[in-house]
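# Structural overview for review
Single-letter residue listing:
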Amino acid sequence: MIKAVIFDFDGVLVDTMPIHFITWKKLASYLGFELDPSTIDKMRGASRDKSLAIVLEQGGVDASPRQKQFYAHMKNTWYHYEIKEMTRRHLMPGALELLEQLKEKNIPVAMASSSKNAVHIIEHLSLQHYFQCMLDANDIQLTKPDPAVYLASAKNLGLPPESCLAIEDSPLGIKAAINAGCQCIGIGPEDNLAAATDVYESLEKLEIEKYLVN
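So, here's what we can say about the structure. (Residues numbered from 1 in each chain as written. Predicted model: local features only at pLDDT ≥ 70, side-chain atom pairs only at ≥ 80, totals over all residues. Heavy atoms only, no water.)

## Focus on the packing of aromatic side chains
One pass over the full model with this rule turns up one aromatic pair. Above the ring of Tyr79, the side-chain terminus of Lys75 is found at 4.4 Å from the ring centroid. (Phe/Tyr/Trp six-rings, centres within 6.5 Å; stacked < 30°, edge-to-face > 60°. Lys NZ or Arg CZ within 6 Å of the ring centre and 35° of its normal.)

## A look at the sheet that holds strand E3 (residues 133–135)
The strand order across the open sheet formed by six strands is E3-E2-E1-E4-E5-E6, and the pairing between neighbours is parallel. Each edge of the open sheet carries a strand with a single partner, namely E3 and strand E6 (198–200). Pairwise comparison of adjacent strand axes, ignoring direction, gives a mean angle of 20° for this sheet. When strand E5 (residues 183–187) meets E6, the two strands line up parallel, connected through three bridges. Paired with Ile185 across the two strands is Asp198, which belongs to E6. Packing of helix H5 (residues 95–104) onto the sheet brings it into contact with strand E1 (4–7), strand E2 (109–112) and strand E4 (164–168), and relative to E1 it is tilted by some 155°. (Pairing = 2+ DSSP bridges. Helix = DSSP H or I, 4+ residues; strand = E, 2+ residues; numbered from the N terminus. Axes fitted to C-alpha atoms, helices over the stretch in contact; angles between N-to-C directions. Contact = heavy atoms within 4.5 Å.)

Rendered as structure tokens:
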């Protein structure tokens, strides 16, 4: 029985992927190559380090650990400039309405993200009051598809993972949620998210009541 909902962040609650791509594209340009737009799909659900590895591999760039740290810091600095301009218009369709609905029903809500900026953005958008627990890559070193962030979120909510419904938009995230023991809803194209319990085009289409305890 589902007693709580755990949201992924990027691409589920907030449409950050275009901003991520803009800033990774800047880094690629700095390194002397053009980033393929299809790269954005490979980055869904990936941590900053994994995303950097994808970018460097595409450009054929061999970098030392110190260089990688510098490139990640550079990208994140550009990203923080973009964050300052974010408003609630960057929320995914149906996200705010679903958060309101869960709050009205007194359903505990958590956020489990592989991003290091997720909590910062939630606070920037003044959405923190919807969540009983918010964890991102600053709190959990092991990133998706490792289940650590979902196991920690369930523990913080005081519930077994089996009682939590995860909402994800990437294969990596779905694998993490399932490995933790959560049921998982996929948001996005069905062919990419086949491992999920159910898949919906958007949060607007999700009928959350059918999954919750009465």
